[in-house]
Amino acid sequence: MLRTTAGKLATAMRGTLGVTSSRVGAVRCLHGTEESAEEFDKRYEKYFSREGIDGWEIRKGMNDLLGMDVVPSPKIIESGLRACRRVNDIALAIRWLEGCKDKCGDHKATLYPYLLEKITPTLKELGVPTIEELGYDKPELALKSVFDM
Amino acid sequence: MALRLINSALRRQLAAQLPHNAQVGSVASVHTLDKIGKREVVGFGWNGTACYADRADYPMPAVRFREPNNEITALRTKEQGDWKKLSPQEIKALYRASFCQTIAEVQAGTGEWKMHLGIGLIFTAAAIWIAVLMNLFVYDELPVTFDEEHQKAQLKRMIDLEINPVTGLTSKWDYENNKWKN
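Residues numbered from 1 in each chain as written. Chains lettered and ligands numbered in written order. Predicted model: local features only at pLDDT ≥ 70, side-chain atom pairs only at ≥ 80, totals over all residues.

> Break down the UniProt feature "transmembrane region" (unreviewed entry) in chain B for me, with residues and values.
Here the UniProt-annotated "transmembrane region" (unreviewed entry) positions come out as residues 117-139 of chain B. Between the first and last C-alpha atoms of residues 117-139 of chain B the distance is 31 Å; the span itself is 96% helix and 0% strand. (UniProt positions renumbered as here; feature names shortened; annotations may be inferred. Helix = DSSP H or I, 4+ residues; strand = E, 2+ residues; numbered from the N terminus.)

Below is the structure:
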């Protein structure tokens, strides 16, 4: 009885050991291929400029990007805008601009004019107004409090 | 027998109720689809629920804010063409059909802190007034032992009794010269 148990235990442990070593390998591999900033930009550019992308995927990509600790590069913003053009959703394009502006955080004074300067040709080409042109850089409408309804 | 009777009565009751709550527990109610009317589902949202909220960190919610009506449908047809032909009003109308608030509006201060500060100060003032009035009208005079003469006598007694001579009060008293150590 004891011998069989010990034998089983040994096999089980050998199994665990084997699994562990292969897992370590996998983890090391993941850490080894760190994505550079250029690759990251390219990946998202490619994502947004894919033929046949739909509104659902665009929103997913934008929400993902705006949830990360990055300011999207002008190239990504442009390809996002073009994706909005392909699905005919100007509201989404403006929301995307707003989200990118918000990502500039404390550096809105320096970063945002730079982004705007870089993407202006695309905005002109597509006919998307900037947030300032629409007056959306400042609150336009106030919501009634739900407690006053 | 009695149990069986109760059981069958319960079943009849349930059967009578069921048609009214057919929506409850259905697939539509699980995904909150029974609440969005004709609104278009355009994204994944939070946990896959078809809900709407304006958030700066997740700007594109799962559903469009307004249900499509004739006006918006006409605008959407126009949106298919050149965007340069859309007037700012039309663009704003399209935006507000998709979203409730702009991000600037989401982040605008509500001024609610003033109310909270005001209420806090009202209660602080009330507490101070209560303390003052209690001292004036409720509490007795302080006991006689609080005057300076009694306090000095108490200190002398503590020194005489050598209270806490290692680290405390009388460790600082020089008993040979009868004065405080420097």
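> Break down the interface of chain A and chain B for me, with residues and values.
Facing the 29 residues of chain A at the interface are 28 residues of chain B. When its residues are assigned to classes, the side of chain A that touches chain B shows 15 nonpolar, six polar and eight charged. (Contact = placed C-beta atoms within 7 Å. Nonpolar A, V, L, I, M, F, W, Y, C, P; charged D, E, K, R; others polar.)

> Now, about the packing of helix H2 (residues 37-48) of chain A against helix H4 (residues 74-86) of chain A: what can you tell me, with residues and values included?
Helix-helix packing: each pair is described by the crossing angle between the helix axes and the interaxial distance. Residues and elements named next belong to chain A. One way to put it is that H2 packs onto H4 with a least axis distance of 8 Å and a crossing angle of 10 degrees. Taken together, the axes of H2 and H4 lie roughly parallel to each other. Contacts from Asp41, Tyr44, Glu45 and Phe48 of H2 reach H4 at Lys75, Ile76, Ser79, Gly80 and Ala83. (Axes fitted to C-alpha atoms, helices over the stretch in contact; angles between N-to-C directions. Parallel < 35°, antiparallel > 145°, perpendicular 65-115°, else oblique.)

> How would you sum up unusual backbone geometry? Please name residues and give values.
Phi at A:Asn88 is positive, roughly 55 degrees, even though this residue is not glycine. When you line up the elements, A:Asn88 lands in the loop between H4 and helix H5 (90-103).

> Go over the nonpolar core, please, and point to the residues and values.
Ranked by size, the top nonpolar core spans 32 residues in total, and within it A:Cys84, A:Ile90, A:Ala91, A:Leu92, A:Ala93, A:Ile94 and A:Trp96 carry the most contacts. Those elements that place two or more of their residues in this core are H2, helix H3 (55-67), H4, H5 and helix H6 (108-126) of chain A together with helix H4 (88-98) of chain B. Tallying contributions element by element places H5(A) first for this core, with eight residues. What A:Trp96 contacts, discounting residues up to four positions off in sequence, is A:Met62, A:Gly80, A:Leu81 and A:Cys84. (Core = buried A, V, L, I, M, F, W, Y, C linked by C-beta atoms within 7 Å. Buried ≥ 20, exposed ≤ 12 C-beta atoms within 10 Å, placed from the backbone.)

> Before we move on, could you go through the confidence of the model for chain B and cite the residues and values that matter?
Residue and element names in this part refer to chain B. Confidence in the prediction for chain B averages 87 pLDDT; 83% of positions are at 70 or higher. Of all helices and strands in chain B, the one with the weakest mean pLDDT is helix H1 (residues 2-17) (62), whereas helix H6 (residues 112-138) scores best (97). Within the model, pLDDT remains below 50 along residues 18-22, and this stretch shows zero contacts once partners closer than five positions in the same chain are excluded. (pLDDT = per-residue confidence, 0-100.)

> Before we move on, can you summarise H4(B) with the specific residues and values?
Among the residues making up H4(B), those that are buried are B:Ile91, B:Leu94, B:Tyr95, B:Ala97 and B:Ser98. The arc that holds the buried residues of H4(B), viewed along the axis, is 160 degrees, so those residues lie on one side. H4(B) presents B:Pro88 and B:Gln89 as exposed residues on the side facing more than 90 degrees away from its buried surface. In this structure, the buried side of H4(B) is in contact with H5 and helix H7 (131-134) of chain A together with helix H3 (70-79) of chain B. (Arc of directions from axis to C-beta.)

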